[in-house]
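Spelled out from the first residue to the last, the chains are:
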Amino acid sequence: MKKGIFVGLGVVALLALMWWADRKFPPPGRTSPSTSSAPTDAPNVTLKDLNDHDVTLAQYKGQVVLVNFWATWCEPCKVEIPWMIEFQKKYSGRGFTILGVSMDEDGKKAVQPFLDKERFDVNGQQEAMNYPIVFGNDSIAGKFGGVMGLPTSMLFTRDGKKVRTIAGLVNHDDLSKVIEGLL
């Protein structure tokens with residue numbers, strides 16, 4: 001009898017822990033409840049691009065911006081890069097851009113050869129990354145509210161408000177609908 005009670009309590013505790021973990025750490029492609037609620041201002045941060053020029057989010061005011069934290073060694077990042085290329089091609093003429101924030105520790109030494117060599121299948125065509133790339137680190141990520149893993153994407157409205165954070169792979173169709181709704 002006591003054994004059954006302990007097993008039952010263990011199952012209830014495990015279910016409660018699973019429910020809490022699902023809320024606290026949503027699976028890839030799903031935003032956590034706290035990340036898509038009230039819009040927050042874009043951070044005042046200066047990033048460096050491949051040519052060592054300063055880049056700020058304020059430069060993109062008036063555009064919908066998807067800030068995508070990624071790395072050359074990140075396999076899930078490589079899965080979503082073709083989607084990012086597609087979004088950039090499809091929506092850039094309507095006031096949208098992606099800002100790819102490389103989190104590679106070796107910076108340009110790792111990223112430039114990757115950009116020069118890698119091509120991605122986008123609707124049957126081999127394409128290079130077609131959006132601006134800048135360099136980040138843990139301090140930069142912290143200014144955006146933190147990045148728990150890669151890829152992580154953050155969507156900003158034309159007036160610089162963060163409206164969504166996606167930890168893990170984006171859901172192509174859902175993100176496309178959200179972008180279209182903001183344009």
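See above for the structure.
Rules of the game
- Residues numbered from 1 in each chain as written.
- Predicted model: local features only at pLDDT ≥ 70, side-chain atom pairs only at ≥ 80, totals over all residues.
- Heavy atoms only, no water.
- Helix = DSSP H or I, 4+ residues; strand = E, 2+ residues; numbered from the N terminus.
- Contact = heavy atoms within 4.5 Å.
- Polar contact = N/O pair within 3.5 Å; in protein donor to acceptor, adjacent residues only side chain to side chain.
- Phe/Tyr/Trp six-rings, centres within 6.5 Å; stacked < 30°, edge-to-face > 60°.
- Buried < 20%, exposed > 50% of the residue type's maximum accessible area, 1.4 Å probe, protein only.
- Pairing = 2+ DSSP bridges.

Structural notes on the environment of E127
Relative to the elements of secondary structure, E127 occurs in strand β7 (residues 125–127). Through-space distance from the C-alpha of E127 to that of E86 is 9.5 Å; in sequence the pair is 41 residues apart. The contacts of E127, once residues within four sequence positions are left out, are I85, K89, E118, R119, F120 and V122.

Some details on the side chain of T72
Mapped onto the secondary structure, T72 falls in the loop between β4 (64–70) and α2 (75–91). A polar contact of 2.6 Å, which involves the side chain of T72, links it to the side chain of D104. If near-sequence neighbours (up to four positions away) are discounted, T72 is found in contact with K78, D104, A110, V111 and F114.

As for the packing of aromatic side chains
Throughout the structure, instances matching the rule amount to 6 aromatic pairs. Ring centres of F69 and F144 lie 5.3 Å apart, and the angle between their planes is 80°; on these two criteria the pair is classed as edge-to-face. Taken together, the residues span a long stretch of sequence, with F69 in strand β4 and F144 in the loop between α4 (138–143) and β9 (152–156) at a distance of 75 residues. Comparing F69 with F144 shows no difference in burial state: the two are buried.

Some remarks on the pairing of β9
For β9, the buried fraction is high: 5 of the 5 residues fall into the buried class. Where burial is concerned, the two faces of β9 agree: the one with T152, M154 and F156 and the one with S153 and L155 are both buried. Taken together, the 5 bridges between β4 and β9 define a ladder with antiparallel strand orientation. The residue bridging V65 from the neighbouring strand is F156, located in β9. Sheet analysis places β9 next to strand β10 (residues 161–167), joined by 5 bridges and oriented antiparallel. If you follow L155 over to β10, its bridge partner there is R164. Taking the residues between adjacent antiparallel strands as the criterion, β9 and β10 are bridged by 4 residues, where G160 takes a positive phi near 80°.

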